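What the coordinates show
Residue-level listing of the chains:
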Amino acid sequence: MGFSGSAKAAPCCARNAATPMLIVGDDRAQFNVGLALANVVAVADEEGIPTFGAPQNSEALQTYRLDGSFLLSDRLQAGASFSLVNHSITADDIKDSTFAMGDTRLHLGYEIMPVWNYSKWKPQGFLFTTLTLPTGRSIHESQKGPSTDVTGNGFYAVSVGMLAVKRVGFLDFFVVPEVHYSFPRVFSGDLDRRLLPGWGGSIGAGFGWSPGGGNLRLGLRVHPRLDQGVTSIYPDRVEQSRGWLSVCDTGFDAAYLLSATDSLMVSYTDQTLLGVATNLNLNRSLSINFQHRLER
């Protein structure tokens, strides 16, 4: 996930591409700098059967991310996320890499369920919407044989979701459902084609434990996602997609509050542990994020 915790507790939850970095604590702005190292370890076919690659073949992505969020009013906030991606592939006699910009995301969030008064059951709740801009190069625009120049998804997309967070003693719980729609786009090349990506959605859930209510938080999360396959419309034919794309992130987080305004988080995410994955590459990734907050 991409939301911060209270200024008096360790920050909550790792970020995820499906959800923006929301301010959930008593802050007026927050900024995040992060590095994620991901390796493709398997390919899942349309039957949901993963095929793991040979050790001498590798595909890796290093993502450098900058996120920012700030309050527009007491309950309304806005933010943006920018990234640079280093995509490298080594296989047999191929060894290539590309360093370029990834996709850009803009978001708005509104706190629909504030926690002004303590409640044993009522969570803190936010509605959010995210606009994805295809500033990275997609597989449909790749100009390299091994496709190392692919650093983005290639489509304009909008998502709508909700985040609910509840703290009980030294524990915290969260759930974040969202739906998104990627807009059709025309790609030019040897043969012009119109691609229709369509709908998708995800639902993340998890919990964290802050031993003794101190500066350390240990967390566990799962985040299954589902997307329509892309249909290609050529001047002389229509090619249907291979079907739905699905994957489930399983994540483990360790966060530490360095000061009242600064925190550090290390996260491990594995897409091979839970759920049925179809028509996608499966990654294992390690990320580290530093977050700075400006108090109200």
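Each remark here, short or long, concerns the structure printed above.
All right, on to the overall build of the protein then. Helix and strand counts for the protein stand at 0 helices and 20 strands. For a compact globule of 296 residues, the expected C-alpha radius of gyration is about 19 Å, and the protein comes in at 20 Å, within 12% of that figure. Taking the principal axes of the C-alpha coordinates as reference, the protein spans close to 60 × 40 × 35 Å. Out of the 296 residues belonging to the protein, those deemed buried represent 45%. Surface exposure of the protein reaches about 14700 Å², of which carbon and sulfur atoms provide 62%. Distance from the positive charge centre (24 side chains) to the negative charge centre (27 side chains) of the protein: 9 Å.

Let us look at the nonpolar core. By size, the foremost hydrophobic cluster in this structure holds 8 residues: L22, V24, F126, F128, L163, V165, F174 and V176. Counting residues per element, the ones that place at least two in this core are β9 (124-133), β10 (157-168) and β11 (171-182). Residues V41, A42, A44 and L282 belong to the second largest nonpolar core, which totals 6 residues.

Unusually for a residue other than glycine, S147 sits at a positive phi of about 65°. Locating S147 in the fold gives a position in the loop between β9 and β10.

As summarised here, the arrangement of the 4 strands in space is β12-β13-β16-β17, forming an open sheet in which the pairing is antiparallel. Pairing within the sheet leaves two strands with one partner each, and these edge strands are β12 (185-187) and β17 (238-239). Taken together, the 3 bridges between β12 and strand β13 (residues 193-196) define a ladder with antiparallel strand orientation. Across the sheet, the residue bridging to R185 is L195, located in β13.

Relative to the helices and strands, T278 resides in the loop between β19 (262-270) and β20 (280-295). Taking the C-alpha atoms as reference points, T278 and W244, separated by 34 residues in sequence, lie 7.2 Å from one another. Residues in contact with T278, not counting those within four places in the same chain, are A44, D45, E46, G48, W244, L245 and S246. In this structure the side chain of T278 is engaged in a polar contact, spanning 3.1 Å, whose partner is the backbone oxygen of W244.

What follows deals with the packing of aromatic side chains. By the definition in use, this model includes 5 aromatic pairs. Measuring from centroid to centroid gives 6.1 Å for Y64 and F99, while their planes differ by 75°, and the two rings are edge-to-face. Of the two residues, Y64 is situated in strand β5 (residues 58-71) and F99 in strand β7 (residues 94-101); the sequence distance between them amounts to 35 residues. Looking at Y64, the relative accessible area reads 35%, which means it is partly exposed. When the ring of F252 is compared with that of Y268, the centres are 6.5 Å apart and the planes differ by 20°; the resulting orientation is stacked. Taken together, the residues span a long stretch of sequence, with F252 in strand β18 (residues 245-257) and Y268 in strand β19 at a distance of 16 residues. Classification of F252 by relative accessible area gives partly exposed; the value is 38%. Over the ring of Y234 we find R237; its NZ or CZ atom is 4.1 Å from the centre of that ring.

Criteria and thresholds
- Throughout this description, residue numbers start from 1 for each chain and increase along the sequence as written.
- In view of the model being predicted, local features appear only for residues whose pLDDT reaches at least 70, and side-chain atom pairs are presented and counted only at 80 or more, with totals across whole chains, interfaces and linings using the full set of residues.
- For the side-chain quantities, the full set of heavy atoms in the structure was used; hydrogens and water were omitted.
- Each helix is a run of H or I in the DSSP string that is no shorter than four residues. Each strand is a run of E no shorter than two, and both are numbered from the N terminus.
- A radius of gyration in this sense is built from C-alpha atoms; the matching globule rule multiplies 2.2 Å by the number of residues raised to 0.38.
- Summary of the burial criterion: residues with accessible area below 20% of their type's maximum are buried, those above 50% are exposed, and those between are partly exposed, where the area comes from a 1.4 Å probe applied to protein chains only.
- Using the Shrake-Rupley algorithm and a 1.4 Å probe, accessible areas are obtained, with residue cover drawn only from the displayed protein chains.
- Charge counting treats Lys and Arg as positive and Asp and Glu as negative, with His and both chain ends excluded.
- Every charge is mapped onto a representative atom, which is NZ of Lys, CZ of Arg, CG of Asp or CD of Glu.
- Remark: nonpolar core denotes a set of buried residues (Ala, Val, Leu, Ile, Met, Phe, Trp, Tyr, Cys) joined through side-chain atoms within 4.5 Å.
- By definition, two strands form a pair when at least two bridges between them are found by DSSP.
- Pairs of residues are marked as contacts when any of their non-hydrogen atoms sit within 4.5 Å.
- Any N or O atom pair separated by 3.5 Å or less is treated as a polar contact, with the protein-specific requirement of one donor-capable and one acceptor-capable atom, and with residues adjacent in sequence counted only for side-chain atom pairs.
- Pairing of aromatic rings covers Phe, Tyr and Trp, the last counted by its six-membered ring, and requires centre-to-centre distances within 6.5 Å; plane angles under 30 degrees mean stacked, over 60 mean edge-to-face, and any other angle means tilted.
- When the NZ atom of lysine or the CZ atom of arginine is within 6 Å of a ring's centre and also within 35 degrees of its normal, the charge is said to sit over that ring.

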